[in-house]
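# Summary of the model geometry
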Amino acid sequence: MKPEIKALRFIVPQKDIYYISWIIDAAEGLGFLQTDDAANGRITVFTPAELVRDLLGLMEALRAEGVAVEKICEEKSDMGEREDEG
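Quick look at the structure, then. Note that the coordinates shown come from a computational prediction; the quantities given were computed from them, not determined experimentally.

### Examining the overall build of the chain
The helix and strand inventory of the chain stands at 2 helices and 5 strands. The order of α-helices and β-strands along the chain, N terminus first, is β-α-β-β-α-β-β. Burial statistics for the chain: of 86 residues in total, 34% are counted as buried. For the chain, the share of sequence-separated contacts (at least 6 apart) that also reach a separation of at least 24 residues comes to 63%.

Okay, structure coming up:
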């Protein structure tokens, strides 16, 4: 059975994209960061559905450190179903 993968989209400061990518890479299995629009800080993080809470916890911890992280939406990466925030 193929695991369900979620795609979570965020806006972050351009200068922090590399930093966030390294943190996610260091947490083996947590996810993969894709830069969608570097100039505007738009990223997508792909993560197994069972690790969404862990990823959101990481992003919240980054906010607590002063990194401006804004969640845009969450969708199933294989089905394109979208759950908009706001």
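What follows picks up the thread again.
### Some remarks on the pattern of salt bridges
Under the counting rule described, the total for this entry stands at 8 salt bridges. Its salt-bridge partner being Asp16, residue Lys15 comes within 3.4 Å of it at the nearest N-O pair. The buried category is assigned to Asp16, whose relative accessible area is 10%. Beyond isolated ion pairs, a larger network of salt bridges with shared partners links Glu4, Lys6, Lys71, Glu74 and Lys76.

### Considerations on helix H2 (residues 52–64)
For H2, which comprises 13 residues, the first-to-last C-alpha distance of 18 Å matches the rise-based estimate of 18 Å (1.5 Å per residue) to within 8%. Burial in H2 covers these residues: Val52, Leu55, Leu58, Met59 and Leu62. Projected onto a plane normal to the axis of H2, the buried residues spread over an arc of 125° and lie on a single side. In H2, the exposed positions angled more than 90 degrees off the buried face are occupied by Arg53 and Ala64. Among the structural elements, strand E1 (5–11), helix H1 (17–26), strand E3 (42–48) and strand E4 (70–76) are those in contact with the buried residues of H2. Of the residues flanking the end of H2, it is Gly66, one or two places downstream, whose phi is positive at about 105°.

### Regarding the pairing of strand E2 (residues 32–37)
In this sheet, E3 lies alongside E2 in antiparallel orientation, the contact comprising 5 bridges. Following the sheet pairing, Gln34 is matched in E3 by Thr44. The antiparallel pairing of E2 with E3 creates a hairpin that spans 4 residues between the two strands, and Gly41 there sits at a positive phi of about 70°.

### Some remarks on the nonpolar core
With 17 residues, the main nonpolar core has Phe10, Ile20 and Ile43 as its most contacted residues. When residues of this core are traced back to their parent elements, those giving at least two are E1, H1, E3 and H2. Broken down by element, the residue count for this core peaks at 5 residues, all from H2. With near-sequence residues (within four places) excluded, Ile43 lies in contact with Leu8, Arg9, Phe10, Val12, Ile17, Leu33, Gln34, Thr35, Asp36 and Met59.

Procedures and definitions
Residues numbered from 1 in each chain as written. Predicted model: local features only at pLDDT ≥ 70, side-chain atom pairs only at ≥ 80, totals over all residues. Heavy atoms only, no water. Helix = DSSP H or I, 4+ residues; strand = E, 2+ residues; numbered from the N terminus. Buried < 20%, exposed > 50% of the residue type's maximum accessible area, 1.4 Å probe, protein only. Contact = heavy atoms within 4.5 Å. Salt bridge = Lys/Arg side-chain N within 4 Å of Asp/Glu carboxyl O. Expected span 1.5 Å × (residues − 1). Arc of directions from axis to C-beta. Pairing = 2+ DSSP bridges. Core = buried A, V, L, I, M, F, W, Y, C linked by side-chain atoms within 4.5 Å.

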